[in-house]
Amino acid sequence: MDRAQKEKVVEELGQIFESSGVVVVSHYEGLTVAEMQDLRAQMREAGGSVRVAKNRLAKIALDGKPCESIADYLTGMTVLAYSEDPVAAAKVVEAYAKSNDKLQILGGAMGDNALDVAGVKAVASMPSREELIASIVGCIGAPASNIAGAIGAPASNVASILSTIEERAEAA
């Protein structure tokens, strides 16, 4: 790899470190090519990516970045998993590490916050962005569905609901 290629890799890694919601560093010694491709496919499905880079170049790219604290984890055969969603990469790596002992989580970073192994596992247990959006939509839609259900109910149910609302208004 010549100097121009190294500079390009450092620039790409720098963009990854700046724009990612989470970066997880793991050792992958002993993983077969097929297992690594499986990890990459799972990460792609979750909206993240996996990158193997020389530790020295990654450390250069980390200089001055918010997640600079992960430089200590960059020893040996390391793989970087990252995603814009602050939870996706951690979830995929955690699940893959449970099923494959050859992948060992070392730590990571979420913005300025350094994460140890327990921190990565805690992030992985959080709901993903899509799960949170679905939960919020469910909360927003619940009152409307209750009103629609009440309108479709027999007249006696509507009358009792209205009297309850009236009683609450008088009590307040």
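It should be noted that the structure appears before, not after, this text.
Residues numbered from 1 in each chain as written. Predicted model: local features only at pLDDT ≥ 70, side-chain atom pairs only at ≥ 80, totals over all residues. Heavy atoms only, no water.

Asks: Can you walk me through the pairing of strand β3 (residues 78-83) in this structure?
Replies: In regular strands, side chains alternate between the two faces of the sheet. Most of β3 is tucked away: six of the six residues are buried. Burial of the side chains of β3 extends over both faces: Thr78, Leu80 and Tyr82 are buried on one face and Val79, Ala81 and Ser83 on the other. With six bridges joining them, strand β1 (residues 22-27) and β3 adopt antiparallel strand pairing. Within β3, the position partnered with Val25 by the bridge is Leu80. For strand β2 (residues 48-51) and β3, the ladder comprises four bridges, and the chain directions are antiparallel. Paired with Ser49 across the two strands is Tyr82, which belongs to β3. (Buried < 20%, exposed > 50% of the residue type's maximum accessible area, 1.4 Å probe, protein only. Helix = DSSP H or I, 4+ residues; strand = E, 2+ residues; numbered from the N terminus. Pairing = 2+ DSSP bridges.)

Asks: How should I be thinking about the sheet that holds β2 in this particular structure?
Replies: Hydrogen bonds between backbone atoms are what pair the strands of a sheet, whose relative direction is either parallel or antiparallel. Spatially, the five strands line up as an open sheet ordered β2-β3-β1-β4-β5, and their pairing is antiparallel. Unpaired on one side and paired on the other, β2 and β5 (113-115) mark the two borders of the sheet. Sheet twist, expressed as the mean angle between neighbouring strand axes with direction ignored, is 15°. Across the sheet, helix α2 (residues 33-45) is in contact with β2 and β3; its angle to β2 comes to roughly 150°. (Axes fitted to C-alpha atoms, helices over the stretch in contact; angles between N-to-C directions. Contact = heavy atoms within 4.5 Å.)

Asks: Which parts of the structure should I look at to understand the nonpolar core?
Replies: It is characteristic of soluble globular proteins that their nonpolar side chains tend to be buried jointly. Core analysis: the biggest nonpolar cluster contains 22 residues, and Val24, Met36, Leu39, Met43, Val93 and Leu103 have the highest contact counts within it. At the level of secondary structure, the elements contributing two or more residues to this core comprise β1, α2, β3, α4 (88-99) and α5 (117-124). Ignoring anything within four residues of it in the chain, the contact list for Val24 reads Val79, Leu80, Ala81, Ala89, Ala90, Val93, Ile105, Gly107, Gly108 and Val120. (Core = buried A, V, L, I, M, F, W, Y, C linked by side-chain atoms within 4.5 Å.)

Asks: Is there a simple way to explain the packing of helix α1 (residues 3-19) against helix α3 (residues 55-62) in this structure?
Replies: Think of two packed helices as two axes; the pair is described by the angle between the axes and how far apart they sit. Relative orientation of the contacting elements α1 and α3 amounts to 55°, with a least axis distance of 8 Å. Judged on the interaxial angle alone, α3 and α1 are oblique. Viewed along their axes, α1 and α3 form a crossing whose handedness is right-handed. For the pair formed by α1 and α3, the contact residues are Lys6, Val9, Val10, Leu13, Gly14 and Phe17 on the first element and Arg56, Leu57, Ala58, Ile60, Ala61 and Leu62 on the second. For the contact of α1 with α3, the class distribution of residues is nine nonpolar, one polar and two charged. (Parallel < 35°, antiparallel > 145°, perpendicular 65-115°, else oblique. Left-handed = near helix turned anticlockwise from the far one by under 90°. Nonpolar A, V, L, I, M, F, W, Y, C, P; charged D, E, K, R; others polar.)

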